[in-house]
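Below are the chains, spelled out letter by letter.
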Amino acid sequence: MNQIEEKLNDLFTKTVTAKLPDSGKSILVKAMPWLALVGGVLSLLGAWGLFQLATFANQWTNVANELSTSYGYGVTTQNVSWLIWVSLVVIVVEAVMLLAAFSPLKNHKKLGWDLVYWTSLINVVYAVLYIFVDFNFFSLLFSLLASAIGLYLLFQIRSYYLGGSAAPKKSGK
């Protein structure tokens, strides 16, 4: 895993010509714990909504199938796809990781940065695997583009979490 991180670090910090200014990095570092917290909470709310919707759809599909069978039509429809349940698990895992990253990010610990980084990698892997289930090139392209932007921003502030001199000064509160 460290090899991937180092290659991505080289790509997003050394190879790329557009770098965030120090003031932008400092703002992003200060906002990062809150972005992770909001992202985690919204992801959990989205997962709960998806769970409720999938459960509701399954219940009504079962009712429709029972009615169809009882009236002798024999036409049945499938329940919600297994992919919805896999997506639900991925969303919950990412949400938990983002929520767990809040405190370490706030304290400028590498663990917080790592959790957000791993969440980004899970997103990339999920997007690539999803293309084999539902061949939607534009969905893959959008997911990879969004992940690249997120990873670019993440690697631009990586040094702030390594304990180096790049870390912003903490206020005296």
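Anything mentioned here points back to the structure above.
Notes on the structure follow.

Definitions and cut-offs
- Residues numbered from 1 in each chain as written.
- Predicted model: local features only at pLDDT ≥ 70, side-chain atom pairs only at ≥ 80, totals over all residues.
- Heavy atoms only, no water.
- Axes fitted to C-alpha atoms, helices over the stretch in contact; angles between N-to-C directions.
- Helix = DSSP H or I, 4+ residues; strand = E, 2+ residues; numbered from the N terminus.
- Parallel < 35°, antiparallel > 145°, perpendicular 65-115°, else oblique.
- Contact = heavy atoms within 4.5 Å.
- Nonpolar A, V, L, I, M, F, W, Y, C, P; charged D, E, K, R; others polar.
- Core = buried A, V, L, I, M, F, W, Y, C linked by side-chain atoms within 4.5 Å.
- Buried < 20%, exposed > 50% of the residue type's maximum accessible area, 1.4 Å probe, protein only.
- Salt bridge = Lys/Arg side-chain N within 4 Å of Asp/Glu carboxyl O.
- 1 Å grid on protein atoms, 1.4 Å probe; cavity = no way out; pocket = protein on both sides within 12 Å on 5 of 7 lines; lining within 4 Å.
- Points joined across faces, edges and corners; volume = space filled by probe spheres on them.

Before going further, it helps to examine the packing of helix 1 (residues 2-15) against helix 4 (residues 110-130). Where helix 1 meets helix 4, the axes come as close as 12 Å, and the angle between the chain directions of the two elements is 90°. Here helix 1 lies roughly perpendicular to helix 4, going by the angle between them. Contacts from Ile4, Glu5 and Leu8 in helix 1 reach Lys110, Trp113, Asp114, Tyr117 and Leu121 in helix 4. In terms of residue class, the contact of helix 1 with helix 4 is made up of 5 nonpolar, no polar and 3 charged.

One finds Tyr117, Ile157 and Tyr161 to be the most contacted residues of the largest nonpolar core, which totals 22 residues. Broken down by secondary-structure element, the contributors of at least two residues to this core are helix 1, helix 2 (22-70), helix 3 (82-106), helix 4 and helix 5 (137-156). Among the elements that make up this core, the one with the highest residue count is helix 4 (5 residues).

Once that is clear, we can look at the environment of glycine 74. Here glycine 74 is to be found in the loop between helix 2 and helix 3. Given a relative accessible area of 55%, glycine 74 falls into the exposed group. Apart from the residues within four sequence positions on either side, glycine 74 is in contact with Ser68 and Thr69.

Two side chains that carry opposite charge are able to pair once their charged atoms sit near each other. All told, the structure shown has 5 salt bridges when counted by the stated rule. Glutamate 5 is paired through a salt bridge with arginine 158; the nearest N and O atoms lie 3.0 Å apart. One end of the pair, glutamate 5, is in helix 1; the other, arginine 158, is in the segment after helix 5, and 153 residues separate them in sequence. Assigned by exposure class, glutamate 5 and arginine 158 land together as buried. For lysine 14, the salt bridge goes to aspartate 10, with nearest N and O atoms at 3.2 Å. On the criterion of helical spacing, the pair formed by lysine 14 and aspartate 10 is a turn pair, its members being 4 residues apart in helix 1. Judged by its relative accessible area of 31%, aspartate 10 is partly exposed.

Quick look at the layout of surface pockets now. Of the pockets and cavities examined, the largest pocket occupies roughly 350 Å³. Taken together, 15 residues form the lining of the largest pocket, with Met32, Leu35, Leu98, Val116 and Ser120 sitting closest to its centre. Elements represented by at least two residues in the lining of the largest pocket include exactly helix 2, helix 3, helix 4 and helix 5. Per element, the largest residue contribution to the lining of the largest pocket is 6 residues, and it comes from helix 2. Broken down by class, the residue content of the lining of the largest pocket amounts to 8 nonpolar, 6 polar and 1 charged.

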